[in-house]
There are 2 protein chains.
Amino acid sequence: MRTELSRRLGMECALFGFTPFPAVAAAISRAGGLGVLGAVRYRDPGELARDLDWLDAHTDGRPYGLDVVMPAASAAGAAGVTEADVEAMIPAGHRRFVAETLARHGVPPLPEGERSRWRITGWLEDVARTQLDVAFEHRLALVANALGPPPADVIDRAHRHGTLVAALAGSARHARRHAGAGVDIVVAQGYEAGGHTGEIATMVLTPEVVRAVDPLPVLAAGGIGSGEQVAAALALGAQGVWLGSVWLTTEEAALRSRALTAKLLAAGSGDTVRSRALTGKPARQLRTAWTDAWDDPAGPGPLPMPLQGLLVAEALTRIQEYEAEALLGTPVGQVVGTMTAVRPVRAVVDDLTRGFERAVARLGRMAGDP
Amino acid sequence: MRTELSRRLGMECALFGFTPFPAVAAAISRAGGLGVLGAVRYRDPGELARDLDWLDAHTDGRPYGLDVVMPAASAAGAAGVTEADVEAMIPAGHRRFVAETLARHGVPPLPEGERSRWRITGWLEDVARTQLDVAFEHRLALVANALGPPPADVIDRAHRHGTLVAALAGSARHARRHAGAGVDIVVAQGYEAGGHTGEIATMVLTPEVVRAVDPLPVLAAGGIGSGEQVAAALALGAQGVWLGSVWLTTEEAALRSRALTAKLLAAGSGDTVRSRALTGKPARQLRTAWTDAWDDPAGPGPLPMPLQGLLVAEALTRIQEYEAEALLGTPVGQVVGTMTAVRPVRAVVDDLTRGFERAVARLGRMAGDP
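Residues numbered from 1 in each chain as written. Chains lettered and ligands numbered in written order. Predicted model: local features only at pLDDT ≥ 70, side-chain atom pairs only at ≥ 80, totals over all residues. Heavy atoms only, no water.

1. Topic: the sheet that holds strand β7 (residues 195-196) of chain A
All names here are of chain A. The three strands are arranged β7-β11-β10 in an open sheet whose pairing can be described as antiparallel. Only two strands of the sheet have a single partner each, and these edge strands are β7 and β10 (272-275). Bridge count for β7 against strand β11 (residues 283-286) is two bridges, and the pairing is antiparallel. The partner of His196 across the bridge, within β11, is Ala283. (Pairing = 2+ DSSP bridges. Helix = DSSP H or I, 4+ residues; strand = E, 2+ residues; numbered from the N terminus.)

Structure below.
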């Protein structure tokens, strides 16, 4: 499963794995793919530095990447804005709705003095820039941005550092804009993907983005959790696949809640929803009583990004901490229906590779058979 | 592009083409696929008989099929219900909303005495049964049902006639039900497809349905308009593909409106919407001022199937007749973005075949390359 791009990055197989967990990222890279660590949950640059040091030491010299969340220069209204500025913009009625929803489900407050773990201050440009200062002191093969192309100076800095820059896109129009801004790789994120998605499904989006940014390489994201799906994505013209959901139920994943793992293992493909409940932008996630409350027309509805993320940060920590089962969720794609057992990352990668080879052999017989 | 199923049906390539136009169906079959004629628009059994006679004479002995719309026996509340019974259930306020929306866009009434062409009485079981009486007097290789498995006696009758039975499914649960009812083929219809669809994208739905009904053959539908997409669908385990949208802009298609063809050629993948405006169930179609009016929370909203279809039948005829551009639409999938030129059916089939072979060759290099 090699492509021009995977060879350029020194990968054994063209699998890019997004994960918030360093142990998962390292295992993906050691298995021959490229683990991409999500930076958005890191509040403290020192904590990120420690985890990247650990990655440098535990990836056997294989490439790995970092996924940040920063607005492009053109949309940098947020530069210089602090968390307190944003907090002050949240209406009191929305804070009441959060408190009432948690109370209705019997979720206790956090213990005295314990700060919310789940912050989304990574959305703010200053935070992302501090993260990149840390990251460029490490052996970083790839930096990906979930909000389109990073600002031009960040792209230049990455290139001087020998790091390729990827940006996620949910439409061909966005992909063309990213290409124009100088990114090296576009990740085409289909409707069925976990996290932020547009309306266009992977089957249609991938070839559309491939054509839009040719000759830039494209990774397909959304709906990919088996080797057959990898073969499909590469048939659509992608030079690699970008997987996020499948790692959530690996042995190396450090989900804080066993109840959440159980929910993921039990969920079917129809148990996700594209909701603004998490960040204020449509993001696919497990459907829960929490997403239902935010998607209920009778409620106040989600605030725009980044307000919604700040509004619900402490609530999400409480929901996880106390395993409030009805409310407990996570971003995950429609492939959650195939995640039915906890397995080591290496077993997942082996299955992807073997399934890909089987699918290609079967296609070869269909094509060759007169 | 041959599979066990395509060989069983005597096809040269595993392409199933759904179309309301006999000339398109015949051209698909002559080009080596299997044209499936949509029966829902036929009010008059004599008209259907004439078109099937024509198909028998113009398909060079190649297989073709018919797509009907009938409820399964278990849900046959509609048996014996007449069009007049259903018409009487439509609220006056909804009729007013139709009249006002057409008036706002300056759509004139039909000429005196001209009956509505666009009826959906094909949804009623009695109508579908009459259509099948006609169909089984013809050389029918396949009968497909858009509303799940046909009643058991219809399946038996098809099998005695040597006709395979296919049923559309938008979820693995529905697919298992269809398999249990005795159908021979399941068509897995993904979110991105034109017409009635569920929420699960083709990339996820296809392998899920393949596993659910194994060893029954599955056709993938939704998001397929190029050979690369055919390769992707077959990589996912399908034994064939079911295409509908791409034929709408072929030379053989008899769309009544040039303005509609122009709209299809200009539309991008983001210009469709899953709306209940057409039939009362979510169906993907071009987004228009008409779908916007029905999807507007300030309006009365669509009625359930089959009321909505009867309610809007005459309005749709008027919109087409007078080419009311802002309102003019049609069921079509997200692949509409790739439909940019009017071409003969044979050219479309040739492109699909060649694109498939190119994609398989490229995958072979990715797999084989050490």
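2. Brief notes about the interface of chain A and chain B
Facing the 43 residues of chain A at the interface are 43 residues of chain B. In total, chain A and chain B occlude about 3400 Å² of area from one another, counting both sides; carbon and sulfur atoms represent 62% of this. When the buried area of chain A at its contact with chain B is split by residue, Met203, Leu363 and Met366 of chain A rank highest and sum to 20% of it. Viewed at the interface, chain B and chain A are joined by zero salt bridges. Here chain A is connected to chain B by 16 residue pairs in polar contact (both at pLDDT 80 or more). Of all the elements in the fold, those that place two or more residues in the side of chain A that touches chain B are α9 (202-213), α10 (227-235) and α14 (345-368) of chain A. It is α14 of chain A that contributes the most residues to the side of chain A that touches chain B, eight residues altogether. A class-by-class count of the residues in the side of chain A that touches chain B yields 23 nonpolar, eleven polar and nine charged. (Contact = heavy atoms within 4.5 Å. Buried area = accessible area lost by both parts, 1.4 Å probe. Salt bridge = Lys/Arg side-chain N within 4 Å of Asp/Glu carboxyl O. Polar contact = N/O pair within 3.5 Å; in protein donor to acceptor, adjacent residues only side chain to side chain. Nonpolar A, V, L, I, M, F, W, Y, C, P; charged D, E, K, R; others polar.)

3. Description of the packing of aromatic side chains
Enumeration according to the criterion identifies seven aromatic pairs over all chains in this entry. Plain terms: the ring middles of Tyr191 of chain A and Tyr191 of chain B are 3.5 Å apart, the flat faces sit at 5° to each other, and that makes the pair stacked. With one member in each of two chains, Tyr191 of chain A in the loop between β6 (185-189) and β7 and Tyr191 of chain B in the loop between β6 (185-189) and β7 (195-196) form a pair that bridges those chains. When its relative accessible area of 4% is taken as the criterion, Tyr191 of chain B is described as buried. Pairwise contacts between aromatic rings join Phe97, Trp290 and Trp294 of chain A into one cluster. When the ring centre of Tyr42 of chain B is taken as reference, the NZ or CZ atom of Arg41 of chain B above it lies at 4.7 Å. (Phe/Tyr/Trp six-rings, centres within 6.5 Å; stacked < 30°, edge-to-face > 60°. Buried < 20%, exposed > 50% of the residue type's maximum accessible area, 1.4 Å probe, protein only. Lys NZ or Arg CZ within 6 Å of the ring centre and 35° of its normal.)

4. Details of empty space enclosed by the protein
Counted according to the given criterion, the structure contains two cavities of 30 Å³ or more. In this structure, the largest cavity encloses a volume near 60 Å³. Residue lining of the largest cavity: Ser226, Gln229, Ser269, Gln334, Val335, Gly337 and Thr338 of chain A together with Val204, Pro207, Glu208 and Arg211 of chain B, and that is the complete set. A total of four residues in the lining of the largest cavity trace back to one element, the largest contributor, which is helix α9 (residues 202-213) of chain B. Residues of the lining of the largest cavity, tallied by class, amount to three nonpolar, six polar and two charged. Size it by volume and the second largest cavity reaches roughly 30 Å³. Along the walls of the second largest cavity sit Val204, Pro207, Glu208 and Arg211 of chain A together with Gln229, Val335 and Thr338 of chain B, which together make up its complete lining. (1 Å grid on protein atoms, 1.4 Å probe; cavity = no way out; pocket = protein on both sides within 12 Å on 5 of 7 lines; lining within 4 Å. Points joined across faces, edges and corners; volume = space filled by probe spheres on them.)

5. Details of the relation of the copies chain A and chain B
Rotating chain A by 180° about the axis while translating it 0.0 Å along that axis superimposes it on chain B, leaving an RMSD of 0.0 Å. In the structure described here, the two chain copies are related by an operation that fits a two-fold rotation axis. Proximity to the rotation axis, assessed at the C-alpha, singles out Ala232 of chain A in chain A; its C-alpha lies 1.9 Å from the axis. When you check the interface residues of chain A against chain B, 100% turn up at the interface there too, and the contact is symmetric in its surfaces. (Least-squares fit on C-alpha atoms with pLDDT ≥ 70 in both.)

6. Observations concerning unusual backbone geometry
All names here are of chain A. Residue Met305 is joined to Pro306 through a cis peptide bond whose omega torsion reads 0°. Checked against the element boundaries, Pro306 lands in the loop between α12 (289-295) and α13 (307-321). For Asp60, which is not glycine, the phi dihedral falls at a positive 50°. Here Asp60 shows up in the loop between α3 (45-57) and β3 (64-68). Taking the relative accessible area as the measure of exposure, Asp60 reaches 59% and is therefore exposed.

7. Some points on the pairing of strand β1 (residues 15-19) of chain B
Residue and element names in this part refer to chain B. With four of five residues buried, β1 is to be regarded as a mostly interior element. The pairing of β1 with strand β9 (residues 240-243) spans three bridges and is parallel. Directly across from Leu15, in β9, lies its bridge partner Val241. Summarising the sheet, β1 and strand β2 (residues 34-38) pair through four bridges and their orientation is parallel.

8. Focus on the nonpolar core
Formed by 128 residues in total, the largest nonpolar core has its most connected members in Trp247 and Trp290 of chain A together with Trp247 and Trp290 of chain B. Excluding anything up to four places from it in sequence, Trp247 of chain A contacts Gly17, Phe18, Val24, Ile28, Ala253, Val345, Val348, Val349 and Leu352 of chain A. Core analysis: the next-biggest nonpolar cluster, separate from the first, contains 38 residues, Val68, Ala172, Val186 and Val209 of chain A among them. (Core = buried A, V, L, I, M, F, W, Y, C linked by side-chain atoms within 4.5 Å.)

9. Notes on the pattern of salt bridges
Side-chain pairs of opposite charge can arise whenever the charged atoms involved come near each other. Residue and element names in this part refer to chain A. Tallying each qualifying case throughout the model produces 22 salt bridges over all chains. A salt bridge links Asp292 to Arg287; the shortest N-O distance between them is 2.8 Å. Exposure remark for Arg287: the relative accessible area of 52% places this residue in the exposed category. Bridged by salt links that share partners, the residues Arg343, Asp351 and Arg354 form one connected network.

10. Considerations on the pairing of strand β5 (residues 164-169) of chain A
Residues and elements named next belong to chain A. Counting buried residues along β5, six of its six residues qualify, which places the element largely inside the surrounding structure. Residues Leu164, Ala166 and Leu168 of β5 are buried on one face, and the alternating residues Val165, Ala167 and Ala169, pointing to the opposite face, are buried as well. The pairing of strand β4 (residues 142-145) with β5 spans four bridges and is parallel. The residue of β5 that forms the bridge with Val143 is Val165. Handedness of the crossover is the feature at issue here: the chain leaves β4, passes through helix α7 (residues 152-160), returns alongside β5, and the resulting connection is right-handed. As paired strands, β5 and β6 are joined by four bridges and run parallel to one another. Paired with Leu168 across the two strands is Val187, which belongs to β6. Handedness of the crossover joining β5 and β6 through helix α8 (residues 172-180) is recorded here as right-handed. (Right-handed = clockwise from strand over helix to strand, strands pointing away.)

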